[in-house]
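Analysis of the macromolecular model
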Amino acid sequence: TGVQTCALPISKTKCPSQEEMKSRIARFKDLKSTKAQHGANKGVPIEVMEMITAKTTYNIMSPTHLGGQLSPNTTKRYSVNLKQFFDWCLERGFIDGLPRFPRIKTDNARRPAFDNKDYAKLTRNLREFVKVKDKNVARDRTLLINHVLILANTGIRVGEARQLRWRDIREIPQPEGSDKPADIALFVSGKTGPREVVARSPDVKTYFKRILEVRIAELGKAPSSDDYIFCNPDGAPVGSFKKSFAA
């Protein structure tokens with residue numbers, strides 16, 4: 001209405017005009033998050049700000065008797081990221097020095113390695129594990145047990161196996177005159193980069209053949225050389241074999 005009113009005539013409270021109030025009104029559409037302000041004014045990427053938000057640092061800084069604590073190993077990995085962030089801050093001139101981080105005692109209880117006895121027990125039980133009536137379960141378990149056997153006999157990582165395609169397998173002939181079967185080589189790519197791995201036993205070819213038979217039965221023909229080896233019926237790579245254990 002444009003009419004100015006004050007509660008009491010004797011009040012010393014200032015009654016600003018509507019024009020004066022405009023500069024003090026915060027419109028929701030004009031609000032900017034702290035992360036956005038740091039990004040615009042100081043050049044701090046939003047991803048970096050996410051690393052030091054309360055929801056990220058709480059489990060590191062909260063008292064140890066509270067629930068939801070991170071394991072020492074996870075805390076150590078987070079500390080490495082924070083140190084990299086503070087190094088960047090020092091380089092950009094946002095801080096004058098690096099904070100000191102306490103030494104974190106990590107768990108040294110590593111899982112014991114498989115010995116020949118353990119491996120023999122594993123392979124013996126795998127033969128029984130696949131004997132089920134449900135076709136879908138049998139299909140998943142067939143891929144799982146051959147996945148285990150291939151990894152055990154090649155040393156490739158789970159992530160490398162996930163990206164393995166039929167074109168990535170080749171035979172290496174034995175020298176002329178040898179009666180030994182051809183070796184099997186796998187071309188894989190993982191966190192250490194691309195590499196070729198030679199299986200420790202030619203029996204690996206049998207494990208791949210079992211998977212190939214499953215795919216031929218599903219497709220009605222041989223899969224393409226570009227198809228993933230460890231894949232779902234629709235051809236998409238298997239993300240996890242957890243459901244195969246639970247089935």
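It should be emphasised that the depicted structure is a prediction, and the values quoted were computed from it without experimental measurement.

The helix and strand inventory of the chain stands at 10 helices and 3 strands. Counting all 247 residues of the chain, 23% fall into the buried class. Partitioning the contacts of the chain with sequence separation of at least 6, the portion at a separation of at least 24 is 50%. Of the roughly 18,400 Å² of accessible surface on the chain, a fraction of 54% belongs to carbon and sulfur atoms.

Let us now look at the packing of aromatic side chains. Under the defined criterion, the tally for this structure stands at 4 aromatic pairs. Arranged with centres 6.4 Å apart and planes meeting at 25°, the rings of Phe-85 and Trp-88 form a pair that is stacked. Of the two residues, Phe-85 and Trp-88 are both situated in helix H5 (residues 72-92); the distance of 3 residues between them amounts to about one turn of the helix. Trp-88 sits in the partly exposed class, given a relative accessible area of 22%.

Turning to H5, a few remarks are in order. Relative to the 30 Å expected for 21 residues at 1.5 Å per residue, H5 spans 30 Å between its end C-alpha atoms, a close match to the ideal helical length. Every buried residue of H5 is listed here: Thr-74, Thr-75, Ser-79, Leu-82, Phe-85 and Cys-89. All buried residues of H5 lie within an arc of 135° about the axis, which places them on one face of the element. Exposed side of H5, more than 90 degrees from the buried face: Arg-77, Gln-84 and Glu-91 are the residues found there. At the C-terminal side of H5, Gly-93 shows a positive phi close to 85°.

Another point: the confidence of the model for the chain. Detailed conclusions should not be drawn from predicted coordinates in areas where pLDDT is low. On average, residues of the chain score 81 in pLDDT, and 77% of them reach the 70 mark or higher. Within the model, pLDDT remains below 50 along residues 6-10, and this stretch shows 1 contact once partners closer than five positions in the same chain are excluded.

Moving on, we get to the sheet that holds strand S3 (residues 193-198). Across a sheet, paired strands are connected by hydrogen bonds in the backbone, their directions being either parallel or antiparallel. The antiparallel open sheet is built from 3 strands, whose spatial order is S1-S2-S3. Either end of the sheet is taken by a strand with one partner, and the two such strands are strand S1 (169-172) and S3. On average, adjacent strands in this sheet sit at an angle of 25° to one another, irrespective of strand direction.

This brings us to the side chain of Glu-160. Turning to its location among the elements, Glu-160 is positioned in helix H8 (residues 158-162). Overall, Glu-160 belongs to the buried group, its relative accessible area being 2%. There is a polar contact of 2.9 Å between the side chain of Glu-160 and the backbone nitrogen of Arg-157. Those residues in contact with Glu-160, other than ones at most four positions away along the chain, are Val-188, Ser-189, Gly-190, Thr-192 and Arg-195.

Before going further, it helps to spend a moment on helix H9 (residues 204-219). Taking 1.5 Å per residue as the helical rise, H9 with its 16 residues ought to reach 22 Å, and the 23 Å between its terminal C-alpha atoms agrees with that figure. Gly-220 lies just past H9 and shows a positive phi near 80°.

Moving on: the environment of Gly-193. Within the element layout of this structure, Gly-193 appears in strand S3. Along the backbone, Gly-193 and Glu-160 are 33 residues apart, and their C-alpha atoms lie at a distance of 9.9 Å.

Below, the discussion takes up the environment of Val-198. Its location among the elements puts Val-198 in strand S3. Beyond its immediate stretch of four places on either side in the chain, Val-198 contacts Ile-172, Asp-183, Ile-184 and Ala-185.

Applying the stated rule across the entire model yields 10 salt bridges. In this structure, Glu-218 engages Arg-139 in a salt bridge whose closest nitrogen and oxygen atoms are separated by 2.5 Å. With Glu-218 in helix H9 and Arg-139 in helix H7 (residues 135-154), this residue pair connects regions lying 79 residues apart in the sequence. Its relative accessible area of 32% is what places Glu-218 among the partly exposed residues.

On to the packing of helix H6 (residues 116-129) against H7. Two elements in contact, H6 and H7, have axes separated by 10 Å at closest approach and are oriented at 160°. As the angle between them shows, H6 and H7 are arranged roughly antiparallel. Here H6 runs over H7; the crossing is left-handed. Counted together, Tyr-119, Leu-122, Thr-123, Leu-126 and Phe-129 of H6 and Arg-141, Leu-144, Ile-145, Val-148, Leu-149, Ala-152 and Asn-153 of H7 form the full contact between these two elements. Within the contact of H6 with H7, the residues separate by chemical class into 9 nonpolar, 2 polar and 1 charged.

Thresholds, definitions, all that
Residues numbered from 1 in each chain as written. Predicted model: local features only at pLDDT ≥ 70, side-chain atom pairs only at ≥ 80, totals over all residues. Heavy atoms only, no water. Helix = DSSP H or I, 4+ residues; strand = E, 2+ residues; numbered from the N terminus. Buried < 20%, exposed > 50% of the residue type's maximum accessible area, 1.4 Å probe, protein only. Contact = heavy atoms within 4.5 Å. Areas by Shrake-Rupley, 256 points an atom, 1.4 Å probe, with all protein chains shown as cover. Phe/Tyr/Trp six-rings, centres within 6.5 Å; stacked < 30°, edge-to-face > 60°. Expected span 1.5 Å × (residues − 1). Arc of directions from axis to C-beta. pLDDT = per-residue confidence, 0-100. Pairing = 2+ DSSP bridges. Axes fitted to C-alpha atoms, helices over the stretch in contact; angles between N-to-C directions. Polar contact = N/O pair within 3.5 Å; in protein donor to acceptor, adjacent residues only side chain to side chain. Salt bridge = Lys/Arg side-chain N within 4 Å of Asp/Glu carboxyl O. Parallel < 35°, antiparallel > 145°, perpendicular 65-115°, else oblique. Left-handed = near helix turned anticlockwise from the far one by under 90°. Nonpolar A, V, L, I, M, F, W, Y, C, P; charged D, E, K, R; others polar.

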